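# Coordinate inspection notes
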Amino acid sequence: MSHIYLDHAATTPLHESVQEQMTSVMQNHFGNPSSIHFFGRDSRKLLDQARTTIAKSINAPFTSLIFTSGGTEANNLAIFGSAYANEQYGRHIITTQIEHHAVLHPCERLESEGFDVTYLPVDETGQVDLNQLKEALRDDTILVTIMSVNNEVGVIQPIQEIGELLEEHQAVFHTDAVQAYGVQQIDVQEMKVDLLTASSHKIYGPKGVGFLYKHEKHHLKQQVFGGEQERKWRSGTENTLAIAGFEQAVKVLMEERESRNTHYQALFNELIAQLEKQEMEFSINGDLNNRVSNIVNISFPKTEVEMFLTNLDLAGIAVSSGSACTAGSIDPSHVLKAMYGEEDERLYNSIRFSFGIHNTLDEMKQVAEKIQPIVERLKSLS
Ligand SMILES: Cc1ncc(COP(=O)(O)O)c(C=O)c1O
């Protein structure tokens, strides 16, 4: 059976050129970039090159990137690092109810330590309201952390407007741009963000590497102690192999982002057209006019998500839902809960499709054809 992978928001395969680059680095460059001899200098050169390429991709200075083990660590460093560095100015933090757990859980941890956290709600479109943000801002707010693009529904947040709003405020502005980096042009100057998180494995690079961009005027409390790597913001011998792979993924991304977006939009249009052709009942979660091209979250009334996902997997289609299945019961998505409330049936019948560069229009047709009988069967059981 052939498999169709439509879960690129979870992770992407390595780009072929990334595989080649990493193989070459693995074979030819092993030195520790902190060593002063030839082998160390050789790896340092690779690291510097990668930092230059990646910093340029977000219009940031070379010295502003802190390489981390991925998006999760970068978010943790941004949140704990700025909360502890600035607590003398206040202990209030603002975030949203629809953040990734790599933001929500650090915020909850800070709450347990006595910080006060406001979780901004969203409406059915999935967007935060700037007026609600304005109302929530206080003199003692030290950090605002709001994601650029939501990983479950693909909704885009008004990051630049938020950046402008916060320009005159003491609060540090962090955005988790893990899902944005692959599809949106990122310019940290224009966006007026102080901290920004990205991750390599969502853009056809290797897993286990990402970065935190940090504006030079901001201080973070160090979270990992040891050597003086990453200007002491993050100790530990740099993962040169993964960072070199990440750089190659960024190089290709810079060349292809626009054409990838066109391709993703075509896949989206085709999937919707094919589902309609199958005369299926469905609705799209979130604002259709304010979403990224590669993620769509669709509700199929009268189906049940856990059985749906299992049936799709058996049919060779890999997708996901935001709900976590724990010990046989479903914990519905906190994102859909924030958008629709606790009782809405969309919490229990929604599926995320996320497109990638290798998907074809014909696959979208196959997916719709395979989904149709599954939905009919599940509806008859409901
Ligand atoms: C929005 C968002 N933030 C953070 C992360 C975590 O990134 P990583 O897997 O690199 O730790 C993810 C990954 O799913 C994500 O989608």
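Residues numbered from 1 in each chain as written. Predicted model: local features only at pLDDT ≥ 70, side-chain atom pairs only at ≥ 80, totals over all residues. Heavy atoms only, no water.

## Thoughts on the side chain of S43
Convention followed: Here a helix means four or more residues in a row that DSSP labels H or I, a strand means two or more in a row labelled E, and each is numbered from the N terminus. Partly exposed describes any residue whose relative accessible area lies between the buried limit of under 20% and the exposed limit of over 50%, with all areas from a 1.4 Å probe on protein chains only and scaled to the type maximum. Between N or O atoms, a polar contact is any pair within 3.5 Å; within protein, one atom must be a potential hydrogen donor and the other a potential acceptor, and residues adjacent in sequence are included only when both atoms are from side chains. Only heavy atoms enter the contact rule, under which two residues are in contact if any of them lie within 4.5 Å.
By secondary structure assignment, the location of S43 is in helix α2 (residues 38–57). The class of S43 is buried, set by a relative accessible area of 0%. Here G31 takes part through its backbone oxygen, which lies 2.8 Å from a polar atom of the side chain of S43. Once residues lying within four places of it in the same chain are set aside, the contact partners of S43 are H29, F30, G31, N32, P33 and T240.

## Let's talk about the sheet that holds strand β9 (residues 283–284)
To keep it simple, the criterion reads: By this definition, two strands are paired if DSSP reports at least two bridges between them.
Spatially, 3 strands are ordered β9-β10-β14 in an open sheet, and the strand pairing comes out antiparallel. Unpaired on one side and paired on the other, β9 and β14 (350–354) mark the two borders of the sheet.

## What about helix α3 (residues 71–86)?
Under the convention used in this document: Expected span, for any helix, means 1.5 Å times one less than how many residues it has.
Given a rise of 1.5 Å per residue, 16 residues ought to cover 22 Å, and the 22 Å separating the end C-alpha atoms of α3 matches this to within 8%. Most of α3 is tucked away, with 13 of its 16 residues classed as buried.

## Some words on empty space enclosed by the protein
For the record, the criterion: Whether a set of points on the 1 Å grid over the protein atoms alone is a cavity depends on a 1.4 Å probe fitting there but being unable to get out, while an open set qualifies as a pocket with protein on both sides within 12 Å along at least five of seven lines; lining residues are those with an atom within 4 Å of a point. Grid points are joined across faces, edges and corners, and a volume is the space filled by probe spheres set on the points. Amino acids outside the nonpolar list (Ala, Val, Leu, Ile, Met, Phe, Trp, Tyr, Cys, Pro) and the charged list (Asp, Glu, Lys, Arg) are all regarded as polar, and Gly is one of them. The split into domains, and so the bounds of each, comes from an automatic or database assignment of domains.
Applying the stated rule across the entire model yields 2 cavities of 30 Å³ or more. Taken as a whole, the largest cavity encloses approximately 130 Å³ of empty space. If you go around the largest cavity, you meet 15 residues; those closest to its centre are G182, V183, K202, Y264 and N294. Looking at side-chain class alone, the lining of the largest cavity contains 8 nonpolar, 5 polar and 2 charged residues. Two domains each put at least three residues into the lining of the largest cavity: domain 1 (4–11 + 257–381) and domain 2 (16–252).

## Let's talk about the domain arrangement of the protein chain
How we decide: Simply put, the buried area is the total loss of 1.4 Å probe accessible area from both parts when two parts are fitted together.
One can read the domain layout of the protein chain as domain 1 (4–11 + 257–381) and domain 2 (16–252). Each of domain 1 and domain 2 has a C-alpha centre, and the two are 28 Å apart. Contacts between domain 1 and domain 2 engage 30 residues on the former and 31 residues on the latter. Counting the surface lost from both domain 1 and domain 2, the interface buries some 2,600 Å², and carbon and sulfur atoms represent 50% of this. Its largest share of buried area at the contact with domain 2, domain 1 owes to R257, N290 and H334, together 24% of the area lost on that side. Applying the counting rule to domain 1 against domain 2 returns 16 residue pairs in polar contact (both at pLDDT 80 or more). For the side of domain 1 that touches domain 2, the secondary-structure elements that each account for two or more residues are α8 (240–277), β10 (295–299) and α10 (334–340). Among the elements that make up the side of domain 1 that touches domain 2, the one with the highest residue count is α10 (6 residues). Residue composition of the side of domain 1 that touches domain 2, grouped by class: 11 nonpolar, 13 polar and 6 charged.

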